[in-house]
Amino acid sequence: MATDTLDDMSTTMKESPISSRKDSSITITHRTKRSLYTHFIHVLIHPFRNHMGRPTKQHPAGSINLKPHKIILRTCTVSERTVCDIHVYDILPKRTSTKEVRRRIYYFCGGGWQSEPSGQHWQLCAKLASQMPDTAISVVSYPLAPKNAAPTSFPKLLTLYRTLLQAADEAGDKVILAGDSSGGNIVLCLVLEALREDEKAAHLSDEERKRIPHPTAIMAICPSTDLTRSNPDIEKLKDVDPILTPPFIKETARAWQGDWDSADRRISPINADISLLAKHGIRVHGVTGGYDILGPDGIVFRDKCADNHVTGEWLQWEKQMHCFILTWPYGVPEGREGVGWIIDVLKKD
């Protein structure tokens, strides 16, 4: 299919945003159309879904060194730093000075908590960097399961979170946490747990709590929000999901949870005190797909945000697979438009 045809299709899919309910704090942009290109991809990959995107090896303990995809080096620079023993990769467009940075987006890539960032992840982050002035996009190499399950990794990531937010606060930089799939799970859990810790710290006054730095917003792309995998809609969608299966998402959940209960709020943000996000004015944005078996849990989390008066914007696109926005480098119209939507939303924060 020619690119100009795809562009025509993309423009026909622009629909007006709607709210999930009257006077809701969450605004939902709803898309329903599916291009022939996307339909073809779904048909092509569905027979191979038990093999695609699966971890190819176990990674060692600790944060691993990453190799940025070479294609992004044409337009961006990537510099590595180590914070709290975790490698962080800062992406900036070429000829952009670090002195120009006034906002930082820390991105946690998905991959079932077990895989390093893909080429599509690097290209997404480079796209965000090139389209968002004064913004550095930082890929976080968080320790990977199963050798680094949540009981070991999460406390380290919470220390990293505190350190990064404090440094940004001292520099006068705004911070957004973003992630897809398992990465979306981590960013939601980190913010919610940090807020809970602050709330429970009896030695802090209300004024001191207000001064503790937190992100201005979260962008959760097709997030995994409930590791119990008990939502009955998972089974209802299993035959139309082109890439995920119930056994696979249960397996990845077990790899990350370690000896924690799958309902623990630190790994299942759906069970955390979501009202704390509204109390601290943290906006929560997200993306969900109608052919994603993790989508129903994402919608439950989104509705809980609305119930607790958390503000944010969400893109709900029917007939789209898990993390469909990662298809944008291949010219998929829904992927391109999805990335554009994310950029437009984040620019407001």
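Residues numbered from 1 in each chain as written. Predicted model: local features only at pLDDT ≥ 70, side-chain atom pairs only at ≥ 80, totals over all residues. Heavy atoms only, no water.

Caption draft 1: Region of the structure containing the UniProt feature "active site" (unreviewed entry) in the protein chain. Residues annotated in UniProt with the feature "active site" (unreviewed entry) correspond here to Ser-181. Counting through the fold element by element, Ser-181 comes out in the loop between strand 7 (174–180) and helix 5 (182–200). Looking at Ser-181, the relative accessible area reads 10%, which means it is buried. (UniProt positions renumbered as here; feature names shortened; annotations may be inferred. Helix = DSSP H or I, 4+ residues; strand = E, 2+ residues; numbered from the N terminus. Buried < 20%, exposed > 50% of the residue type's maximum accessible area, 1.4 Å probe, protein only.)

Caption draft 2: Expanded view of the pairing of strand 8 (residues 217–221). A large share of strand 8 lies buried, amounting to 5 of its 5 residues. Burial of strand 8 is two-sided: the residues Ala-217, Met-219 and Ile-221 facing one way and the residues Ile-218 and Ala-220 facing the other way are all buried. In this sheet, strand 8 lies alongside strand 7 in parallel orientation, the contact comprising 5 bridges. Following the sheet pairing, Gly-179 is matched in strand 8 by Ala-220. As judged from the 5 bridges shared by strand 8 and strand 9 (residues 283–289), these two strands associate in the parallel manner. Note on strand 9: the bridge partner recorded for Ile-221 is Val-287. (Pairing = 2+ DSSP bridges.)

Caption draft 3: Summary view of the nonpolar core. Ranked by internal contacts, the top residues of the largest apolar core, which has 93 residues, are Ile-91, Phe-108, Leu-277, Val-284 and Ile-342. Every residue in contact with Ile-342, bar those within four places of it in the chain, is listed here: Leu-128, Met-219, Ile-221, Val-287 and Ile-325. One finds Leu-244, Phe-248, Ile-249 and Ile-293 within the second-largest nonpolar core, a separate group that totals 8 residues. (Core = buried A, V, L, I, M, F, W, Y, C linked by side-chain atoms within 4.5 Å. Contact = heavy atoms within 4.5 Å.)

Caption draft 4: Broad picture of the pattern of salt bridges. Per the stated rule, a full pass over the model turns up 16 salt bridges. Residues Arg-31 and Glu-337 are paired through a salt bridge, measuring 2.7 Å at the closest nitrogen-oxygen approach. Within this pair, whereas Arg-31 is found in strand 2 (residues 26–31), its partner Glu-337 is found in helix 11 (residues 333–347), the two being separated by 306 residues in sequence. Classification of Arg-31 as buried rests on a relative accessible area of 7%. A salt bridge links Arg-266 to Asp-264, with the nearest nitrogen and oxygen atoms 2.7 Å apart. By sharing partners, the salt bridges in this structure join Arg-283, Glu-313, Lys-348 and Asp-349 into a single network. (Salt bridge = Lys/Arg side-chain N within 4 Å of Asp/Glu carboxyl O.)

Caption draft 5: Looking closely at the environment of Gln-58. Mapped onto the elements of the fold, Gln-58 is located in the loop between helix 2 (36–45) and strand 3 (76–83). Gln-58 gets classed as exposed once you look at its relative accessible area, which sits at 53%. Taking the C-alpha atoms as reference points, Gln-58 and Thr-96, separated by 38 residues in sequence, lie 36 Å from one another. Aside from chain neighbours lying at most four places away, what touches Gln-58 is Pro-146 and Lys-147.

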